[in-house]
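Analysis of the macromolecular model
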Amino acid sequence: MKTLTVALPGREYDILIEKGLLDRAGEYCRGVLPKAKRLAVVTDSNVAPLYLQRVQTALKSVGFVVEGIVVPAGEASKSLEMLGRLYDQMLSFGLSRTDAVVALGGGVVGDLAGFAAATVLRGVDYVQIPTTLLAQVDSSVGGKVAIDLPAGKNLAGAFWQPKLVLMDPECLNTLSDKVFSDGMAEVIKYGCIRDKEFFDFLDQCGGRSGVMEHSEQVLHTCCDIKRQVVLADERDTGLRMILNFGHTVGHAFELAGHYEDWTHGQAVAAGMVWAARLGEMLGVTPAGMQEKICAVLEKYTLPTRILCPWETMVEAIGLDKKRAEGGISFVLLDRLGWAEPKKMNTDQLLEQLKRLYEETA
Ligand code: GLY
């Protein structure tokens, strides 16, 4: 078993990583929820047939009364309407303030169930059991929970840290190659921003099967980097921004594809290449970085180039709105394994981006 502790004062929690952990969810949840009687296990229609029964059995074996709540798979479930339905189901189940929520699934389930936990009855405890690679290395750790609003994604949310995160790398075996690659973009990102050796290791692994041979170590490395960043900047006012390496331009690709043409990971992959090119053009990032990143992304069948309209890029980066403020922070690589947010003049950034855009188009 690999264990990491997110030592936030008064809200400390462990991340446990081990194959087969789903079947031992009961004992670990009981350890952190000694007073809870009822657990509302929120999952989605893809994950429920695979793992809900197993997790419910494990939780019941230590005396919890368990209710499974299944939402339709997909981003559309991160809605106010679905949140309202969750509240209703949790309250009809008899959830009290000493009870807890379990989020069993990917990022959508973690964000939605986490936000329900943060707000129902003015906040109850919750446990994250992430089942996708993206959720295991990113969204289940760090306490950001949210739903989408008609005005945009993640616009209503909270910082609400879980009591425990349980990761079973065997859950990754049931992911399609596309969903696995989606998570690999974030895995590669950790190498880029904080760990060159890890980046080189991912290069050597050469693909999904190589990573799966070392799955516990890979999850541990990613979560350890995220843990350190969250400890330094829980509320996302500075350093936490480095986790968004590649996400700024990636957001433009997601927006241009109406969140359908490209997965988040695919968009982030191509966004990291853009960020490397921009850094190289500005003389911040050593030359040749984009080729290095592209070579690893390709091993994990991630795109290195996505086209989108210039106007969408300007809008997604917020350059249309931020002009008046005179500056914008953009995460660039000082070297492979070290990223920093760089405060840049908006006009200068627009000009450089336009140059890169014209080279790409
Ligand atoms: N996913 C980025 C963060 O947790 O801050």
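Check the entry above for the structure.
Residues numbered from 1 in each chain as written. Predicted model: local features only at pLDDT ≥ 70, side-chain atom pairs only at ≥ 80, totals over all residues. Heavy atoms only, no water.

1. Let's talk about the packing of aromatic side chains
- Within the structure shown, the criterion is met by 2 aromatic pairs.
- Measuring from ring centre to ring centre gives 6.4 Å for phenylalanine 198 and phenylalanine 201, while their planes differ by 20°; the resulting arrangement is stacked. Within this pair, phenylalanine 198 and its partner phenylalanine 201 are both found in helix α7 (residues 196-205), separated by 3 residues, close to a single helical turn.
- Here phenylalanine 198 falls in the buried class, since its relative accessible area comes to 5%.
- Between tryptophan 310 and tyrosine 357 the ring centres are 5.3 Å apart and the planes differ by 55°, which places this aromatic pair in the tilted class. Of this pair, tryptophan 310 sits in helix α13 (residues 310-317) while tyrosine 357 is found in helix α15 (residues 346-360), placing the two residues 47 residues apart along the sequence. Taken individually, tryptophan 310 and tyrosine 357 each receive the classification buried, so the pair is uniform in this respect.
- Sitting above the plane of the phenylalanine 64 ring, arginine 30 keeps its charged end 3.8 Å from the centroid.
- Here the guanidinium or amino end of arginine 277 rests over the ring plane of tryptophan 274, the centre of that ring lying 5.4 Å away. (Phe/Tyr/Trp six-rings, centres within 6.5 Å; stacked < 30°, edge-to-face > 60°. Helix = DSSP H or I, 4+ residues; strand = E, 2+ residues; numbered from the N terminus. Buried < 20%, exposed > 50% of the residue type's maximum accessible area, 1.4 Å probe, protein only. Lys NZ or Arg CZ within 6 Å of the ring centre and 35° of its normal.)

2. So, the site of the ligand
- All residues in the neighbourhood of the ligand are listed as Asp138, Lys144, Lys226, Arg240 and Leu243.
- Within the side chain of lysine 144, one N or O atom sits 2.9 Å away from an oxygen atom of the ligand.
- In this structure, arginine 240 approaches the ligand through a side-chain N or O atom, which is 2.7 Å from an oxygen atom.
- Relative to its unbound accessible area of 200 Å², the ligand is 86% covered by the protein chains.
- Its residues placed into classes, the shell around the ligand shows 1 nonpolar, no polar and 4 charged. (Near = heavy atom within 4 Å. Polar contact = N/O pair within 3.5 Å; in protein donor to acceptor, adjacent residues only side chain to side chain. Areas by Shrake-Rupley, 256 points an atom, 1.4 Å probe, with all protein chains shown as cover. Nonpolar A, V, L, I, M, F, W, Y, C, P; charged D, E, K, R; others polar.)

3. Some remarks on the packing of helix α6 (residues 177-194) against helix α9 (residues 215-232)
- Where α6 contacts α9, the two axes come as close as 10 Å, and the packing angle between them is 55°. Here α6 is positioned oblique relative to α9, judged by the angle of their axes. By crossing handedness, the relation of α6 to α9 is classed as left-handed. Packed against α6, whose contacting residues are Val187, Tyr190 and Arg194, the element α9 presents Val218, Cys222, Ile225 and Lys226 at the interface.
- Partitioned by chemical class, the residues of the contact of α6 with α9 number 5 nonpolar, no polar and 2 charged. (Axes fitted to C-alpha atoms, helices over the stretch in contact; angles between N-to-C directions. Parallel < 35°, antiparallel > 145°, perpendicular 65-115°, else oblique. Left-handed = near helix turned anticlockwise from the far one by under 90°. Contact = heavy atoms within 4.5 Å.)

4. Let's talk about unusual backbone geometry
- Backbone geometry places histidine 258, a non-glycine residue, at a positive phi of 50°.
- Under the relative-accessibility criterion, histidine 258 is labelled exposed at 61%.

5. Focus on the layout of surface pockets
- Taken as a whole, the second largest pocket holds about 200 Å³ of empty space.
- Lining the second largest pocket are 14 residues, with Arg11, Asp125, Gln161, Pro162 and Lys163 sitting closest to its centre. (1 Å grid on protein atoms, 1.4 Å probe; cavity = no way out; pocket = protein on both sides within 12 Å on 5 of 7 lines; lining within 4 Å. Points joined across faces, edges and corners; volume = space filled by probe spheres on them.)

6. Let's talk about the environment of valine 120
- Relative to the elements of secondary structure, valine 120 occurs in the loop between α4 (107-119) and β6 (125-130).
- Taking the relative accessible area as the measure of exposure, valine 120 reaches 4% and is therefore buried.
- Between the alpha carbons of valine 120 and methionine 90 there is a distance of 8.4 Å; along the sequence they are 30 residues apart.
- Aside from chain neighbours lying at most four places away, what touches valine 120 is Tyr87, Met90, Leu91 and Leu95.

7. Points about the environment of leucine 112
- As for its position among the elements, leucine 112 is in helix α4.
- Among the residues examined, leucine 112 registers a relative accessible area of 0% and is labelled buried.
- Residues leucine 112 and alanine 295, spaced 183 residues apart in sequence, show a C-alpha to C-alpha distance of 35 Å.
- Apart from residues lying up to four places away in sequence, leucine 112 is in contact with Val71, Ser77, Lys78, Ser79, Met82, Leu83, Leu86, Ala146 and Ile147.

8. So, the sheet that holds strand β9 (residues 164-167)
- Strands sit in the order β1-β2-β9-β6-β5-β3-β4 across an open sheet of 7 strands; the sheet is mixed. Taken across any chain shown, the strands that pair with only one partner, and hence form the sheet edges, are β1 (2-6) and β4 (65-71). Within this sheet the neighbouring strands show an average axis-to-axis angle of 15°, counted without direction.
- Its contacts with the sheet place α4 against β3 (38-44), β4, β5 (100-105) and β6, and it is angled at close to 170° to β5.
- Contacting β1, β2 (13-17) and β9, α9 crosses the sheet at an angle of about 10° to β1. (Pairing = 2+ DSSP bridges.)

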